[in-house]
Amino acid sequence: MCLTKEQIEFYRQNGFLALPDYFRTAEIEVLMAQLPAVFAEDSPRRILEKSGAVRTVFASHVTNEAFRRFSQLARLVAPARQLLESDVYIHQFKINAKVALEGDQWEWHQDFLYWHKEDGMPAPRVLSIALFLQEVNDFNGPMLLIPGSHKEGMIDVSPHEKYSSAMVDASGQDTHGPIWMPTLTADLKYKIDKQTLAKLVCKNNICAATGRAGFVLFFDGNMFHASANNLSPFDRVSVCVAYNSVENPLHELSNPRPTFLASRDFSPLETVPDEALLEMRGGSHE
Ligand code: SIN
Ligand code: MN
């Protein structure tokens, strides 16, 4: 599957591309069936909300065969290559749980700011896809986007003062846990100020990404996005994969985030056929 010229042009102008019903119900069922085991795994890759509910699980494409196949589907990788005009590799993979009543907010941010500042990614030649495993609607904390905001480039933000002055011991722990934890929680390390946000919204507006399970959103690493907490009684699990250009490898850092947050394997990603998920129906391929 390749994107049309019109789709590519829409993405370049708006910083995102929505593909409703991009995955079939049977494929979503294969991925949903993995979640109990993925969420139950006690691992540093699993981040919890303040309530103790699962917020995010990282790098399941390394530990789970269905998510490995998903992340390498030609249907996702070929458009990512088209949009980034090069081969790609997976910089980050995460499952955002946003569970009913407990799933907390994601403050406004540009992903690239984190990947640049925390991981040493040189340029914004990076995009993410989000696949909805469950319906996303007005009530369960949909992702909010500022269309066109990617064109502003990375808007530099200093770490929030409580994190810039954190006491860090020799093991990299501070009072908030691992030093990288505030790059992942509801209280984010880099916060855009209200005036800058207001200017962006006055210029570009806000829209909400809503749709049925199977909906896929491609979005630029510099596009501002956020989501509110989930006040509905229904979960809204989605999977996000960040594809980076192989021509944009991370700089070496003295104290990098773990590779489950920022991969340092820059080899070009190989694709698997679009049927690869359906082939797993009814069988165990672990
Ligand atoms: C994010 O990962 O930046 C938020 C996406 C979401 O709302 O699930
Ligand atoms: Mn994000």
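Residues numbered from 1 in each chain as written. Chains lettered and ligands numbered in written order. Predicted model: local features only at pLDDT ≥ 70, side-chain atom pairs only at ≥ 80, totals over all residues. Heavy atoms only, no water.

1. Let's talk about the overall build of the protein chain
Consideration 1: When helices and strands are tallied, the protein chain shows 9 helices and 13 strands.
Consideration 2: With the C-alpha coordinates of the protein chain rotated into their principal frame, the extents come out at 50 × 40 × 40 Å.
Consideration 3: The buried share of the protein chain, reckoned over its 286 residues, is 56%.
Consideration 4: Counted over contacts in the protein chain with a minimum sequence separation of 6, partners at least 24 positions apart contribute 85%.
Consideration 5: For the protein chain, the exposed area adds up to about 12800 Å²; of that, 53% sits on carbon and sulfur atoms.
Consideration 6: Mean positive and mean negative side-chain charge positions of the protein chain (27 and 36 charges, respectively) differ by 3 Å. (Helix = DSSP H or I, 4+ residues; strand = E, 2+ residues; numbered from the N terminus. Buried < 20%, exposed > 50% of the residue type's maximum accessible area, 1.4 Å probe, protein only. Contact = heavy atoms within 4.5 Å. Areas by Shrake-Rupley, 256 points an atom, 1.4 Å probe, with all protein chains shown as cover. Lys, Arg positive; Asp, Glu negative; His and termini not counted. Charge placed at Lys NZ, Arg CZ, Asp CG, Glu CD.)

2. Some remarks on the pattern of salt bridges
Consideration 1: Counting across every chain of the model gives 18 salt bridges.
Consideration 2: Measuring nitrogen to oxygen at the nearest pair gives 3.7 Å for the salt bridge that ties E85 to R12. Residue E85 is located in the loop between α6 (74–84) and β4 (88–96), and its partner R12 is located in helix α1 (residues 5–14); the two are separated by 73 residues in the primary sequence.
Consideration 3: Accessibility expressed as a relative area gives 62% for E85, which makes it exposed.
Consideration 4: With a shortest N-O distance of 2.7 Å, K191 and D187 are connected by a salt bridge.
Consideration 5: With relative accessibility at 27%, the residue D187 sits in the partly exposed group.
Consideration 6: Connected via shared salt-bridge partners are E65, R68, R69 and E279. (Salt bridge = Lys/Arg side-chain N within 4 Å of Asp/Glu carboxyl O.)

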